[in-house]
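Survey of secondary and tertiary structure
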Amino acid sequence: MKKINDFVVKFANVNGSGSASANLLFAKALFRMGLSVVPKNVFPSNIQGLPTWYEVRVSQSGRGARRGGVDVMVAMNPQTYAQDLADIVPGGYMIYDSSLPRPFPREDVNVLGIPIARMCADAYVSPRERQLFKNVVYVGALTALLDMDFKVVKQTVRDRFKGNAKLVDPNVEALKMGREFARRNFTCPLPIKVKKVKAAKDRIMITGNEAAGLGCLYAGASVAAWYPITPSTSLVEAFERHAKKFRLREDGTSNVAIVQAEDELAAIGIVIGAAWNGARSFTSTSGPGISLMGEFLGLAYFAEVPFVLFDVQRGGPSTGMPTRTQQSDITTCAYASHGDTKQVLLFPGDPKECFDLTVDAFDLAERLQTPVIVMSDLDIGMNEWVCDPLEWDDNRKHDRGKVMDADMLDRVKNFGRYWDVDGDGITYRTLPGTHPTKGAFFTRGSSHDAFAAYTEDGQVNAENMDRLTRKFEMAANRLPKPVIRKTSRTSKLGIINFGSTEPAVREACDLLSREGYKLNTMRLRAFPFGKEVAKFASQHERIFVVEQNRDAQMRSLLINEAGISPEKLVSVLDYEGMPLTAGWVKRKIEAVIESDKSVAQAMQLSAQAM
């Protein structure tokens, strides 16, 4: 086995051991060597004691999905040795703590024992230091085994502990300890190694939650209210961290309000109140929080109060798998709340789009006067992604929508808060204190007429509901367009996907193409769907809908809202909670192509057209 810049390293640890920091250090050092990396952190929902894994794919071609299979396994958790050993590809390597030597029943795997615990016991007195530096020692060993640039690794350590210089030298010494042991006892480097390249030049490494938090800052958000919940917590924390640096008045005081509420209901209530008063406001949660926020979402939809809600999706139902990724809140969010409600959804595909679509979300919310829900997930939100740099146009102006100022109010005889004077379903609103005598209205969740007055007149209520429908349908023209990628002009086979499935789907398409299966793809970025979605469907006989939930929620939405024939849509579903691999997507689609006669006919039509 000989691999350069194209392999998978996986770390098997125990949660709470401090391993995540060391594993991230390893991934970032590789990235700084110009390599394209795909780190995935798989951790349990308890505080400590259960198994945790951290996987890093190094891809020469810049792939962004998990690969499947492990070339180098760093097995630090005896409880999972059997499972970890089974994941290693033939000819791969298993590195383990040989302070207590163990037999491993595979002859096709190279076992490298490093007495890490014994080395740390000799070097450190504190039990906590012994535990933490064990992780740094194995990273040090990897720097020799994989031929990593040690200068880059040391600089990564210095940057990691910037502001706490006393931690730099001990970590570097622990790295050297592992590095020197590997050099003395093994042939270094291994046939699996790295080489400096420029694959990741001009790219950045960032999580989706961090990027979305920055997006809120650039969008002009001034109020955030939230209740902590995995995996959305770090989004508001990122906003708070950056606001403390960049959103200060001249006297040094903050000009943002960040409130940790007592629960999700209180959080969304605060956000709605702030938005009604004219602030750009947002909240962040996950599936259980969305369930609790349903009634308030209905209020904001019906009263037409604009704000942004982030749903960083996780495994469900109920508490489900809080630290696993899914796309299982699609139906809940699209029709959030009781009665006839439909919500605007945005689907970012990577952290850069988390930033871009977050800024768009605030503009859209105020332009459309409605909540906008950004549908991220744990994989995008909490994992580090390599993506294009975040960009901002200093000439961009925030779109506040149809807000009447005092001069505009002076020119109208009667202000009707819900009076559709332009015929586009979007009415004019005012902000409190705009005018001394005009523009006031009573906001209510009950039925109202064009002047915000309470009514139980069924016809008036129906007219108002029709206007909301008109506004929702017209919103599709303002939302981000889907990304369409055509591998063949004549192919009758397509794929529809969204969100974090994109890297796996794109790579799977390339793999299928090599075997003669040409599939065009469309990545959805928003709901309601634009006309491009129906057009794509009309051009293909069979379309695979790839999504991470059990009930094919996006497929149902495409049938109900885009009018696509159910016979055209073939579900490709995964709900095990792990980020997809291209191999899994390829195998699922290939199996359908080879077994389904109707799909075979679609392929024949494609061939005839060619």
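Conventions we followed
- Residues numbered from 1 in each chain as written.
- Predicted model: local features only at pLDDT ≥ 70, side-chain atom pairs only at ≥ 80, totals over all residues.
- Heavy atoms only, no water.
- Phe/Tyr/Trp six-rings, centres within 6.5 Å; stacked < 30°, edge-to-face > 60°.
- Helix = DSSP H or I, 4+ residues; strand = E, 2+ residues; numbered from the N terminus.
- Buried < 20%, exposed > 50% of the residue type's maximum accessible area, 1.4 Å probe, protein only.
- Lys NZ or Arg CZ within 6 Å of the ring centre and 35° of its normal.
- Core = buried A, V, L, I, M, F, W, Y, C linked by side-chain atoms within 4.5 Å.
- Contact = heavy atoms within 4.5 Å.
- Domains from an automatic or database assignment.
- Buried area = accessible area lost by both parts, 1.4 Å probe.
- Salt bridge = Lys/Arg side-chain N within 4 Å of Asp/Glu carboxyl O.

Comments concerning the packing of aromatic side chains
Considering all chains together, one arrives at 19 aromatic pairs under this definition. With centroids separated by 5.6 Å and ring planes inclined at 50 degrees, the aromatic side chains of Trp419 and Phe451 adopt a geometry described as tilted. Pair noted here: Trp419 is in the loop between helix 14 (406–410) and helix 15 (458–475) and Phe451 is in the loop between helix 14 and helix 15, with a separation of 32 residues, a long-range link. Residue Phe451 is classed as partly exposed on the basis of its relative accessible area of 43%. Connected via pairs of aromatic rings, a cluster forms that spans Phe11, Phe26, Tyr54 and Tyr138. Above the plane of the ring of Phe441 lies Arg417, whose end atom (NZ or CZ) is 5.4 Å from the centre.

So, the nonpolar core
Membership of the largest hydrophobic core comes to 86 residues, with the highest contact counts inside it found for Phe282, Phe307, Leu524, Met554 and Leu558. Here the element with the most residues in this core is helix 12 (residues 351–368); it accounts for 9 residues. Non-local contacts of Phe282, meaning those with residues more than four positions away in its chain, are made with Cys216, Ala221, Val223, Ala224, Ala225, Leu235, Val236, Phe239, Val271, Val308, Phe310 and Phe362. In terms of nonpolar packing, the next biggest core, distinct from the first, is built from 56 residues, Tyr93, Leu112, Met119 and Val153 among them.

Looking at the domain arrangement of the protein
Looking at the protein, the domain boundaries give domain 1 (3–201), domain 2 (206–387), domain 3 (403–475) and domain 4 (483–602). One C-alpha centre belongs to domain 2, the other to domain 3; they are set 26 Å apart. At the junction of the two partners, domain 2 supplies 19 residues and domain 3 supplies 24 residues. Per-residue buried area on domain 2 facing domain 3 is highest for Trp276, Phe302 and Glu304; these three make up 38% of the total on that side. The tally of links between domain 2 and domain 3 comes to 3 salt bridges. For Glu304, the salt bridge is made with Lys471, and the minimal N-O distance between the two is 2.9 Å.

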